[in-house]
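# Summary of structural features
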Amino acid sequence: MQFARKLSLSFGLATLLALLAACGGETPDRKPQSVQEVAQDDSPMTHVVLTTNMGEIELALDAEKAPISVANFLAYVDNGHFEGTIFHRVIPGFMVQGGGFDTEYQKKATLNPIVNEATNGLKNVKYSIAMARTSVVNSGSSQFFINVADNAFLDHRDTSAAGFGYAVFGRVVTGTDVVDQMAAVQTGAAGRFAKDVPVEAIVIEGARRK
């Protein structure tokens, strides 16, 4: 909370939320997928391992509380989308974001955007994983972020665009040290991004169900 207050004083809530809008992202013109349109054949806690060039991160995904977000994430895991993507935005004390761009900073094609599940009760606490999106509430696709602090200001507050929040759908269960190392790398400008890009690329080399 102290971190959130400091950031709010420095930048304002609108700027904070813009930090998580997908850079270069498109405003979706397709109807977001509903829970009926997303496969739900997974157990309540499905584990996924992200293999990066900095080490492995194991995620426990909560399919009971976030069925749409989990099914969406697993679809990208299963179709190989994450292989060769980078963590393109790293902000120490806040979060690390990836899943949308390749090593040449080109945006990868995505599936339809999904319904925002930020009302599911899961919180943006340290080491939780959540859906990134644009300023449009229901615009999440392949990009995600891992919180590296307790970011309560990202949680659902109301149904307005500013207050709807960011949907958490799981947590890191092993590899928190890798996440910490990622959050501490040197960043700068690269490709289409003016700042916050790791100087040495953090690459997802593979993603698989465990």
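Please read all numbers here as calculations on a predicted model, not as lab measurements.

### What about helix H3 (residues 67-78)?
Count 3.6 residues to each turn of an α-helix, and residues three or four apart come out pointing the same way. Spanning 12 residues, H3 covers 16 Å between terminal C-alpha atoms, matching the ideal 16 Å at 1.5 Å per step. Within H3, burial applies to Pro67, Ile68, Ser69, Val70, Ala71, Asn72, Phe73, Leu74, Tyr76 and Val77. On the buried face of H3, the contacting elements are strand S1 (45-52), strand S2 (55-62), strand S5 (128-131), strand S6 (144-147), strand S7 (168-174) and strand S10 (203-209). At the exit of H3 stands Gly80, carrying a positive phi of roughly 80°.

### Observations concerning the side chain of Asn147
As for its position among the elements, Asn147 is in strand S6. Of the polar contacts made by the side chain of Asn147, one reaches the side chain of Asn124; its length is 3.1 Å. Discounting residues that sit within four places of it in the chain, Asn147 has contacts with Phe94, Met95, Asn124, Val125, Lys126, Tyr127, Ser128 and Leu154.

### Re the pairing of S2
Across the 8 residues that make up S2, a large majority, 6, are buried. In the sheet, S1 pairs with S2 via 8 bridges, with the strands oriented antiparallel. Bridge pairing in S2 places Thr46 opposite Leu61. In sequence, S1 turns back onto S2 through a hairpin of 2 residues. Both S2 and S7 contribute to a ladder of 4 bridges, which runs antiparallel.

Parameters and conventions
- Residues numbered from 1 in each chain as written.
- Predicted model: local features only at pLDDT ≥ 70, side-chain atom pairs only at ≥ 80, totals over all residues.
- Heavy atoms only, no water.
- Helix = DSSP H or I, 4+ residues; strand = E, 2+ residues; numbered from the N terminus.
- Expected span 1.5 Å × (residues − 1).
- Buried < 20%, exposed > 50% of the residue type's maximum accessible area, 1.4 Å probe, protein only.
- Contact = heavy atoms within 4.5 Å.
- Polar contact = N/O pair within 3.5 Å; in protein donor to acceptor, adjacent residues only side chain to side chain.
- Pairing = 2+ DSSP bridges.

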